[in-house]
Amino acid sequence: MTALEPRDADVSPRIGPPVAAESEGVLGRTHRALSIGIVSVVLLIAFEATAVGTAMPVAARELRGIPLYAFAFSAYFTTSLFAMVLSGQWADRRGPLGPLAAGISSFAAGLLLSGTAGSMWMFIAGRAVQGLGGGLVIVALYVVIGRAYPERIRPAIMAAFAASWVIPSVVGPLASGTVTEHLGWRWVFVGIPVLIVFPLALALPAIRRMAAGPADGSTGAEPFDRRRIRLALGISVGAGLLQYAGQELNWFALVPAVVGTALLVPAVRGLLPPGTVRAARGLPAVVLLRGVAAGSFIAAESFVPLMLVTQRGLTPTMAGLSLAVGGGTWALGSYVQSRPRLEKHREPLMVAGMVLVAVSIAAAPTVLIQGVPVWIVAVAWAFGCFGMGMVIASTSVLLLKLSAPEEAGANSAALQISDGLSNVLLLAGGGAAFAALGGGALGAAAHGAGGGAGSHPGAFVAVFLPMAGVALAGAWVAARVRTR
């Protein structure tokens, strides 16, 4: 059961926003330490995403794992699916402090494992451990926002989350590319965990003070819903099997494909709101839109640095910087949706955002034509990120608005499951098409200008154009997020 407005009577005063905070902003005295702390956590995740994405082509080549390139991304999302459900249960029943601390620790451990890997499969295992941490953290943060911030300023903290991507988007690729070229890609992974200290020191005490404990304020915690945990395990294992089947591309792969589908279908039906698959109005459409937007964009973006390095001969630094401006436009899009006077126009803004995403993805592979300048990718991605900023922040705002306080964890988990599952499935589809058209042979072109010789441009086209179609379908879904 959902509610259009928070039911304050059901929430203990200890975990709700203080009365004095109703007139303050996100950096007012009441919320200052909490806002800086949780935004720093997002800053850490953002820096990891931009830095690791830049180093990934080099890591995959040196570990002889170009054919498994998509796995390095999807492994993160696959394990995060299970962690998201676990985090929602944990946060609703015992408070978000535990999953947040455990998630940050797991995130760091995964980075260290990948950074010291001796093979591509060990590298992928590290990404899987990292995904467990990321899934725990992101859902816990949504619960913190739902409990500690009044509805009036939630769009502002979501905009702050988006803004925290700006510096990593600019500095991350440059720093990662420089470190990769001069010290080696491993230092990109083993160096990031240093950033964990500040978020832990600042965020956890503030969360303990403002958002700790069960949602209903009771002293005893309810037991975990074992059925949902089993479904979460099923969705994670099922997604992993489908990803594996997509990479193998032989008749024997039908077995894991069938088993994966058998696990995935009932798990999706049990963990996502009824009506999500058919984009029912309201919360189901919000949850579906999150998956469509994030999945299509992330699946396409994962192949942009590889395309620029292997097809146009760019260095890892320059390939990463081609996406850097997107962090700023993403933050700008999120800022636009946070303006109070635009609240009544949220639905058309989301529709327009998805159209921008579709156009940007479709424009990216034009650089496969040697006469097209590579800066076209930077321009296209800037517009796409602006659209994503409006859409992603808006889905977060609408989810909390449509959720009762005691359901914030479960619904936030559903939102993130849609996000992560779509990433896995679309990366699996894109990775399978990439491998089928000879993408695994691209490693030889990874250095020097004219790296496109002997490569397979069609492998990239088979990734980008279908993702553009998925994003365009998201414009229709965005028109259904409002209840009538």
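Further up the page is the structure itself.
Residues numbered from 1 in each chain as written. Predicted model: local features only at pLDDT ≥ 70, side-chain atom pairs only at ≥ 80, totals over all residues. Heavy atoms only, no water.

(A) Just helix α4 (residues 120-148), in detail. Look at α4: 42 Å from first C-alpha to last across 29 residues, which is about the 42 Å you get at 1.5 Å a residue. The buried count for α4 comes to 22 of 29 residues, which makes it a mostly enclosed element. (Helix = DSSP H or I, 4+ residues; strand = E, 2+ residues; numbered from the N terminus. Expected span 1.5 Å × (residues − 1). Buried < 20%, exposed > 50% of the residue type's maximum accessible area, 1.4 Å probe, protein only.)

(B) Layout of the pattern of salt bridges. Counting across every chain of the model gives one salt bridge. A salt bridge links Asp 419 to Arg 290, with the nearest nitrogen and oxygen atoms 3.1 Å apart. Separated by 129 residues along the polypeptide, Asp 419 in helix α17 (residues 408-436) and Arg 290 in helix α11 (residues 283-301) bring together distant segments of the chain. The exposure class assigned to Arg 290 is buried, which follows from its relative accessible area of 5%. (Salt bridge = Lys/Arg side-chain N within 4 Å of Asp/Glu carboxyl O.)

(C) Region of interest: the side chain of Ser 360. Here Ser 360 lies in helix α15 (residues 346-363). Look at Ser 360 and you get buried, because its relative accessible area is 2%. With near-sequence residues (within four places) excluded, Ser 360 lies in contact with Phe 297, Ala 380, Trp 381 and Gly 384. (Contact = heavy atoms within 4.5 Å.)

(D) Representation of the packing of aromatic side chains in the model. By the definition in use, this model includes seven aromatic pairs. With a centroid separation of 5.0 Å and 25 degrees between ring planes, the pair formed by Phe 297 and Trp 381 is classed as stacked. Of the two residues, Phe 297 sits in helix α11 while Trp 381 sits in helix α16 (residues 375-401), which places them 84 residues apart along the sequence. This pair shows no difference in class: Phe 297 is buried, exactly as Trp 381 is. Where Phe 303 meets Phe 434, the ring centres are 5.0 Å apart and the plane angle is 55 degrees; that geometry is what we call tilted. Taken together, the positions of Phe 303 in the loop between α11 and α12 (304-312) and Phe 434 in helix α17 put the pair 131 residues apart, joining distant regions of the chain. Taking the relative accessible area as the measure of exposure, Phe 303 reaches 1% and is therefore buried. (Phe/Tyr/Trp six-rings, centres within 6.5 Å; stacked < 30°, edge-to-face > 60°.)

Geometry only, nothing functional implied.
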